Amino acid sequence: MAANPLNVYKGSDSVRSYFHPESSSPLPLVEIPDCLNPYRRDGVRIYAKMMSMHPANNVKSMPALNLLENSVEKGKTQTVIEYSSGSTVISMSLISRVFHDLHDVRAYLSNKTSPAKLRLMQFFGLDITLFGGPSQPDPDDERGGIRAAERQAKEDVSKINPNQYDNDDNWKAHIRWTGPQILRQLPEINVLCAGMGTSGTMTGLGTYFKDAKPTVYRVGVCTAPGDRVPGPRSHALLAPVQFPWKSSVDHIEEVGSHDSFSLSLSLCREGLVCGPSSGFNLKGLYQFIARRKADGSLAELAGEDGEIHCVFLCCDLPYQYINEYFDKLGAEYFPTIHNEHLTKVDLYRYDDKWEKEPADALDLFFTQDDALASALVPITSKVKPQPQTSIIDLRQPLDFHDFHLPGSVNVPFVHEDTPSPFSEPYILGSVWKRLEETFKEPSKELRDLLRGRRILLLCYDGDSARVATSVLRAKGHEADSIRGGFKALRRLREKSDSGFRARNDSGVEVDIAVHLPSHIPVAAQVV
């Protein structure tokens with residue numbers, strides 16, 4: 001294997017070198033922490049072979065590489081078709097592009113495949129065809145997708161079906177690469193454990209170690225009857241598989257889905273991020289060790305150092321199975337989400353640009369009425385909102401009557417003693433729902449205020465107006481709010497002593513007195 005201690009790949013073949021096990025670093029072999037090894041005091045050491053750390057993130061990457069290397073005919077092959085539950089055909093999609101410049105890769109698979117996995121395949125550019133019937137069809141069943149993929153390739157010479165279920169290049173990939181990696185990394189290995197789906201992984205590894213180190217005890221793992229774990233099959237479904245898997249295992253364990261998902265979850269939380277089939281493999285290893293301990297033969301597996309070194313495979317990552325983790329394990333396995341009700345409210349985006357500083361907002365939304373510039377009337381009568389603007393005040397009517405910005409309209413939503421919606425989640429939910437209901441189908445008066453206008457929203461502290469701005473922006477209105485609301489306006493007024501400032505039509509700054517004398521009529525209210 002080429003030395004590449006810094007794990008750097010350069011040049012025109014950089015990605016090929018990154019993908020190829022002969023030019024990249026060995027995939028990690030990591031001893032699991034003692035908290036996950038109930039047999040550590042019995043001299044058992046357990047290592048995870050992180051097949052998920054390949055660039056394709058799954059154990060099928062090496063078989064896919066070997067299958068395509070021996071199936072693709074340059075200048076002739078245009079399409080790759082494979083029946084696969086996910087990992088194999090995703091790996092083929094990547095390797096077809098990287099090594100063979102083939103972009104037409106088609107996945108045949110069960111209609112019972114999860115939506116998350118289907119989207120993952122689409123993400124990687126796969127053309128998907130779904131088939132009814134069993135999720136893991138018999139490879140010889142003419143009605144299933146496995147045989148349909150074979151027929152497609154036979155009918156068109158530009159198409160190939162590598163066929164992971166019947167092609168020896170599947171399991172020989174692990175003789176070529178995976179087995180030698182493990183033996184170099186852990187020469188003292190005593191036990192090997194892997195799941196069996198196509199049986200390619202266990203057939204290849206079992207065959208390799210039978211020759212390279214015959215003392216290694218080989219444990220295969222199948223799904224418990226009537227149960228399902230993504231990837232592996234039940235013992236009964238292995239019967240038609242033609243690979244020499246029977247001579248490649250010394251013992252078979254059966255494991256259920258709940259144990260697989262829960263143990264995978266524990267591995268992830270301890271830093272070994274892996275999918276449910278990894279927990280499946282580890283559980284099978286646990287069961288095997290427990291049997292040997294119970295019958296007093298565990299020590300027979302030990303090597304020269306007196307310890308029992310066991311390797312299991314971590315096959316892929318958990319992310320595509322997230323929904324299945326929750327379905328299989330239940331809420332008790334997961335922390336509570338606080339304020340979970342917020343997932344159904346406050347659904348629209350925010351932008352700091354929509355929350356204006358008080359002085360900037362006044363400058364943007366107000367101007368002096370030049371016709372009244374020299375008239376002996378209060379300053380509030382001389383200032384007016386800019387054309388095509390609406391000033392909407394969300395405070396209560398009494399506070400609005402007490403003082404408000406010139407030209408503003410009262411649409412009461414919040415009280416002065418109501419906590420900020422961003423400090424009290426239930427307040428946020430209540431305010432947002434009311435705003436959403438109000439502005440989703442606004443009254444005629446509100447429609448007239450909103451249509452074709454730039455809108456300034458105000459409230460006591462600015463926070464409810466900020467929520468209203470988010471709602472209105474989501475509905476296509478150009479809305480802004482004042483950071484800090486009327487509290488900030490009061491502070492600005494107290495600081496200036498001469499009122500707020502706005503620009504007249506000639507661009508000259510003028511004062512805006514917000515307090516309204518009793519003889520000046522207030523703006524109309526919309527309740």
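Keep in mind that what you see is a predicted model, and the values were worked out from it rather than measured. (Residues numbered from 1 in each chain as written. Predicted model: local features only at pLDDT ≥ 70, side-chain atom pairs only at ≥ 80, totals over all residues. Heavy atoms only, no water.)

1. Notes on the overall build of the protein
Here is step 1 of the chain: Across its full length, the protein holds 17 helices and 19 strands.
Here is step 2 of the chain: In terms of overall dimensions, the protein is more spread out than a globule: its C-alpha atoms have a radius of gyration of 34 Å, far above the 24 Å expected for 527 residues.
Here is step 3 of the chain: In terms of overall dimensions, the protein has a C-alpha envelope of 105 × 60 × 45 Å along the principal axes.
Here is step 4 of the chain: Taking all 527 residues of the protein together, 54% fall into the buried category.
Here is step 5 of the chain: Intrachain contacts of the protein at a sequence separation of at least 6 include 70% that bridge at least 24 residues.
Here is step 6 of the chain: Taking the average location of the 60 positive side-chain charges in the protein and that of its 68 negative ones, the two points are 2 Å from each other. (Helix = DSSP H or I, 4+ residues; strand = E, 2+ residues; numbered from the N terminus. Rg over C-alpha atoms; globule rule 2.2 N^0.38 Å. Buried < 20%, exposed > 50% of the residue type's maximum accessible area, 1.4 Å probe, protein only. Contact = heavy atoms within 4.5 Å. Lys, Arg positive; Asp, Glu negative; His and termini not counted. Charge placed at Lys NZ, Arg CZ, Asp CG, Glu CD.)

2. With respect to the packing of helix H8 (residues 257-269) against helix H10 (residues 322-329)
Here is step 1 of the chain: Packing of H8 against H10 brings their axes to within 10 Å, and their N-to-C directions diverge by 120°. In terms of orientation, H8 lies oblique with respect to H10. For the pair H8 and H10, the sense of crossing is left-handed. Between H8, through Ser 257, His 258, Phe 261, Ser 262, Ser 264 and Leu 265, and H10, the contact on the second element is made entirely by Glu 324, Tyr 325, Lys 328 and Leu 329.
Here is step 2 of the chain: A per-class count over the contact of H8 with H10 returns four nonpolar, four polar and two charged. (Axes fitted to C-alpha atoms, helices over the stretch in contact; angles between N-to-C directions. Parallel < 35°, antiparallel > 145°, perpendicular 65-115°, else oblique. Left-handed = near helix turned anticlockwise from the far one by under 90°. Nonpolar A, V, L, I, M, F, W, Y, C, P; charged D, E, K, R; others polar.)

3. Some remarks on helix H14 (residues 425-440)
Here is step 1 of the chain: The end-to-end C-alpha separation of H14 is 22 Å, in line with the 22 Å expected for 16 residues at 1.5 Å each.
Here is step 2 of the chain: For H14, the full list of buried residues reads Pro 425, Leu 428, Gly 429, Val 431, Trp 432, Leu 435, Glu 436 and Phe 439.
Here is step 3 of the chain: Those residues of H14 that are buried are in contact with helix H15 (444-450) and helix H16 (463-474). (Expected span 1.5 Å × (residues − 1).)

4. Let's talk about the sheet that holds strand E15 (residues 408-410)
Here is step 1 of the chain: Taken together, five strands build an open sheet; the order of strands is E11-E17-E16-E14-E15 and the sheet is parallel. Edge strands, defined here as strands with exactly one partner in the open sheet, are strand E11 (355-356) and E15.
Here is step 2 of the chain: One ladder, built from four bridges, connects strand E16 (residues 454-458) with strand E17 (residues 478-482); its direction is parallel. Following the sheet pairing, Leu 457 is matched in E17 by Ser 481. (Pairing = 2+ DSSP bridges.)

5. Section: the packing of helix H2 (residues 61-69) against helix H3 (residues 87-100)
Here is step 1 of the chain: Following both chains from N to C, one finds H2 and H3 inclined at 50°, their axes separated by 9 Å at the closest point. In this view, H2 runs oblique relative to H3, as classed from their interaxial angle. Here the hand of the crossing between H2 and H3 comes out right-handed. Touching Ser 61, Ala 64, Leu 65, Leu 67, Leu 68 and Glu 69 of H2 are Thr 88, Ser 91, Met 92, Ile 95, Ser 96, Phe 99 and His 100, all from H3.
Here is step 2 of the chain: When its residues are assigned to classes, the contact of H2 with H3 shows seven nonpolar, five polar and one charged.

6. Description of unusual backbone geometry
Backbone geometry follows two general trends: most residues other than glycine have a negative phi, and most peptide bonds adopt the trans configuration.
Here is step 1 of the chain: Located in the positive-phi region is Asn 57, a residue other than glycine, with phi close to 65°.
Here is step 2 of the chain: Checked against the element boundaries, Asn 57 lands in the loop between strand E2 (44-50) and H2.

7. Overview of the nonpolar core
Here is step 1 of the chain: Counting residues in hydrophobic clusters, the biggest one holds 52 residues, and the most contacted among them are Ile 189, Leu 192, Phe 209 and Val 311.
Here is step 2 of the chain: For this core, the secondary-structure elements that each account for two or more residues are H2, H3, strand E4 (104-110), helix H4 (115-123), helix H6 (169-185), strand E7 (191-195), helix H7 (200-212) and strand E10 (308-314).
Here is step 3 of the chain: The leading source of residues in this core is H3, at six residues.
Here is step 4 of the chain: Those residues in contact with Val 311, other than ones at most four positions away along the chain, are Leu 29, Tyr 47, Lys 49, Ile 182, Leu 186, Ile 189, Val 191, Leu 192 and Cys 193.
Here is step 5 of the chain: Counting 29 residues, the second largest nonpolar core, distinct from the first, contains Met 50, Phe 280, Leu 282 and Leu 301. (Core = buried A, V, L, I, M, F, W, Y, C linked by side-chain atoms within 4.5 Å.)

8. Quick word on the packing of aromatic side chains
Here is step 1 of the chain: Enumeration over the complete set of coordinates arrives at 14 aromatic pairs.
Here is step 2 of the chain: For the pair Tyr 9 and Tyr 18, a centre-to-centre distance of 5.6 Å together with 55° between the ring planes defines the contact as tilted.
Here is step 3 of the chain: On the basis of relative accessible area, Tyr 18 is assigned to the partly exposed category, the value being 41%.
Here is step 4 of the chain: Taken together through their ring pairs, the aromatic side chains of Tyr 9, Tyr 18 and Phe 19 make up a single cluster.
Here is step 5 of the chain: One Lys or Arg, Arg 395, reaches over the ring of Phe 486 and ends 3.6 Å from the middle of that ring. (Phe/Tyr/Trp six-rings, centres within 6.5 Å; stacked < 30°, edge-to-face > 60°. Lys NZ or Arg CZ within 6 Å of the ring centre and 35° of its normal.)

9. Remarks on the pairing of E17
Here is step 1 of the chain: Taken across its five residues, E17 has four buried, putting it largely inside the fold.
Here is step 2 of the chain: Summarising the sheet, E11 and E17 pair through two bridges and their orientation is parallel. By the bridge assignment, Glu 355 is partnered in E17 with Ser 481.

10. Notes on the pattern of salt bridges
Here is step 1 of the chain: Scanning the model with the defined rule gives 29 salt bridges in all.
Here is step 2 of the chain: Of the charged contacts, one joins Glu 73 and Lys 76 as a salt bridge, the two residues approaching to 3.8 Å between their closest N and O atoms.
Here is step 3 of the chain: A salt bridge links Arg 147 to Glu 150, with the nearest nitrogen and oxygen atoms 3.0 Å apart. Residue Arg 147 and its partner Glu 150 are located together in helix H5 (residues 145-155), separated by three residues, close to a single helical turn.
Here is step 4 of the chain: Taken together, the salt bridges that share partners define one network made up of Glu 31, Asp 34, Arg 40, Arg 45 and Glu 307. (Salt bridge = Lys/Arg side-chain N within 4 Å of Asp/Glu carboxyl O.)

11. Observations regarding the sheet that holds E10
Here is step 1 of the chain: Across the sheet, six strands lie side by side as E1-E2-E10-E7-E8-E9; this open sheet has mixed pairing. Both outer strands of the open sheet, strand E1 (29-31) and strand E9 (251-255), are each paired with one neighbouring strand and no more. The average angle at which neighbouring strand axes cross in this sheet is 25°, direction not considered.
Here is step 2 of the chain: In this sheet, strand E8 (residues 217-223) lies alongside E7 in parallel orientation, the contact comprising five bridges. Residue pairing for E8: Gly 195 is matched across the bridge by Val 221.
Here is step 3 of the chain: Relative to the sheet, H6 contacts E1, E2, E7 and E10, its axis offset from that of E2 by approximately 140°.

12. Points about the state of the cysteines
Here is step 1 of the chain: Applying the stated rule across the entire model yields zero disulfides.
Here is step 2 of the chain: A disulfide-free cysteine, Cys 222 has its sulfur positioned 11 Å from the sulfur of Cys 193, the nearest such atom. (Disulfide = S-S within 2.5 Å.)

13. A few points about the confidence of the model for the protein
Here is step 1 of the chain: Here the protein shows a mean pLDDT of 91. Residues at 70 or above account for 91%.
Here is step 2 of the chain: Note that residues 375-380 has pLDDT below 50 and, in this model, 11 contacts with residues that lie over four places away or in other chains.
Here is step 3 of the chain: With pLDDT under 50 throughout, residues 514-527 is counted as low confidence; its partners more than four residues away or in other chains account for 38 contacts. (pLDDT = per-residue confidence, 0-100.)

14. Some details on a nonpolar patch on the surface
Here is step 1 of the chain: A surface patch of nonpolar side chains, about 320 Å² in accessible area, is lined by Tyr 319, Ile 322 and Phe 326.
Here is step 2 of the chain: Within the secondary structure, Tyr 319 is located in the loop between E10 and H10.
Here is step 3 of the chain: Overall, Tyr 319 belongs to the exposed group, its relative accessible area being 55%. (Patch = residues over 30% accessible without salt bridge, like charges linked within 9 Å, V, L, I, M, F, W, Y side chains within 5 Å. Areas by Shrake-Rupley, 256 points an atom, 1.4 Å probe, with all protein chains shown as cover.)

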